[in-house]
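Breakdown of the fold
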Amino acid sequence: SIMWNDNTFLFTAYTGSAAAAFGGQTTVAATYLSKKTITDDDRRVFQGVRTLIIDEVSFLKDRELLKLDSNLQKIGDNRKPFGGYNIIFAGDFQQNEPVKMKDKEKLWHPSSSRHFENSINCCIILDGLHRFRDDERYGRILQKLCRGELEQADVDKINERLVGKNGVSLPKVLDGDSCYACSTNSQRNAITAAIFREHLQATHPDVDSDEDPPTHTVIIKGFIQSTSKKIDRALYKRTIELGDSDMK
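So, a few notes on the structure that sits alongside this text. (Residues numbered from 1 in each chain as written. Predicted model: local features only at pLDDT ≥ 70, side-chain atom pairs only at ≥ 80, totals over all residues. Heavy atoms only, no water.)

Topic: the overall build of the protein chain
Along its length, the protein chain carries 9 helices and 4 strands. Across the 248 residues of the protein chain, 22% fall into the buried class. Long-range contacts, defined as pairs at least 24 residues apart, comprise 50% of the intrachain contacts of the protein chain with a sequence gap of at least 6. As displayed, the protein chain offers around 19400 Å² of accessible surface, 51% of which is attributable to carbon and sulfur atoms. (Helix = DSSP H or I, 4+ residues; strand = E, 2+ residues; numbered from the N terminus. Buried < 20%, exposed > 50% of the residue type's maximum accessible area, 1.4 Å probe, protein only. Contact = heavy atoms within 4.5 Å. Areas by Shrake-Rupley, 256 points an atom, 1.4 Å probe, with all protein chains shown as cover.)

Okay, here's the thing in structure tokens:
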């Protein structure tokens, strides 16, 4: 006899990119982790919520989990853990650890509060290979790696595809769902700028042309005069003239 609601299952993810992938909210925003107080309006948002889903939970800090418990108790039943809400923690604890996170901040580390593992009453480990349907052997090797069963033959097999060895080289053009992985922001920015330059060259007239640019791309060019946080008022005024006042 519970009326279905859009947020009966409240989908959230700790990282913004994961939340955007399924149209959900970040866990920090949805559960008010960045707020000092919980208001009546905040409580009303949770009316109808029965199950809270948190993806990418391995990035959640121990202190944030403790505050999540406290916040949900203030919203729901303060006599029950996490306010009595059902919570589905989803994620991969075998992926790369969060950058610069101290051991005591990791949910699974012995030096943490251990609140995460002490609150879990059911654990489901996915053992499928659907992500490796085009290369099942590689998926099997990774499974053995996760279980600590990797053999030298597996290592040798992976090394056959090591870039720079055995004639293996990166393609000059990446097709399909290929993507770049960068170790620094400067590399990422350089690749993004190069891709955008190629887009402009393919779809826009030359810089000296009198032809109007297409309407499917909006380019905002900023002129940075200093590293100060103060906004150049002339540039700001011109931006408002070109666009909408909401841009501010």
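More follows now that the structure is in view.
Some remarks on the sheet that holds strand β3 (residues 51-55)
Taken in spatial order, the 4 strands line up as β2-β1-β3-β4 in an open sheet, and their pairing is parallel. The open sheet terminates on both sides in strands that have one partner only, identified here as β2 (25-26) and β4 (86-89). Relative to β3, strand β1 (residues 9-13) runs parallel, the two being bridged by 5 bridges. Within β3, the residue paired with T12 across the bridge is I54. (Pairing = 2+ DSSP bridges.)

Quick word on the side chain of S58
Along the chain, the position of S58 falls in the loop between β3 and α4 (62-75). Separated by 3.5 Å, the side chain of S58 and the backbone oxygen of D92 make a polar contact. A polar atom in the side chain of S58 sits 2.9 Å from the side chain of Q95. Leaving out residues up to four positions away in the same chain, S58 has contacts with D92, F93, Q95, P98 and W108. (Polar contact = N/O pair within 3.5 Å; in protein donor to acceptor, adjacent residues only side chain to side chain.)

Structural notes on the environment of F116
Examined against the element boundaries, F116 turns out to sit in helix α5 (residues 115-119). As for F116 and K106, which are separated by 10 residues in sequence, their C-alpha atoms are 9.7 Å apart.

As for the packing of aromatic side chains
Summed over the entire model, instances satisfying the criterion amount to 9 aromatic pairs. Judged by centre distance (5.6 Å) and plane angle (65°), the rings of F46 and Y85 are edge-to-face. One end of the pair, F46, is in the loop between α3 (40-45) and β3; the other, Y85, is in the loop between α4 and β4, with 39 residues separating them in the sequence. Given a relative accessible area of 3%, F46 falls into the buried group. Both rings, one in F93 and one in W108, keep their centres 5.2 Å apart while their planes meet at 70°; by these two values the pair is edge-to-face. (Phe/Tyr/Trp six-rings, centres within 6.5 Å; stacked < 30°, edge-to-face > 60°.)

Some details on the packing of helix α6 (residues 136-146) against helix α7 (residues 152-159)
Their axes nearest at 11 Å, the elements α6 and α7 cross at an angle of 135°. Considering the angle they form, α6 stands oblique to α7. α7 is crossed by α6, and the crossing has left-handed handedness. Along the contact surface, α6 presents R137, Y138, I141 and K144, while α7 presents D154, K157 and I158. (Axes fitted to C-alpha atoms, helices over the stretch in contact; angles between N-to-C directions. Parallel < 35°, antiparallel > 145°, perpendicular 65-115°, else oblique. Left-handed = near helix turned anticlockwise from the far one by under 90°.)

Topic: α4
Taking 1.5 Å of rise per residue, the 14 residues of α4 would be expected to cover 20 Å, and the 20 Å separating its terminal C-alpha atoms lies within 8% of that figure. Turning to α4, its buried residues number three or more, namely D62, E64, L65, L68, D69, N71, L72 and I75. The elements touched by buried residues of α4 are α3, β3, β4 and α5. (Expected span 1.5 Å × (residues − 1).)

Keep in mind these values describe shape, not function.
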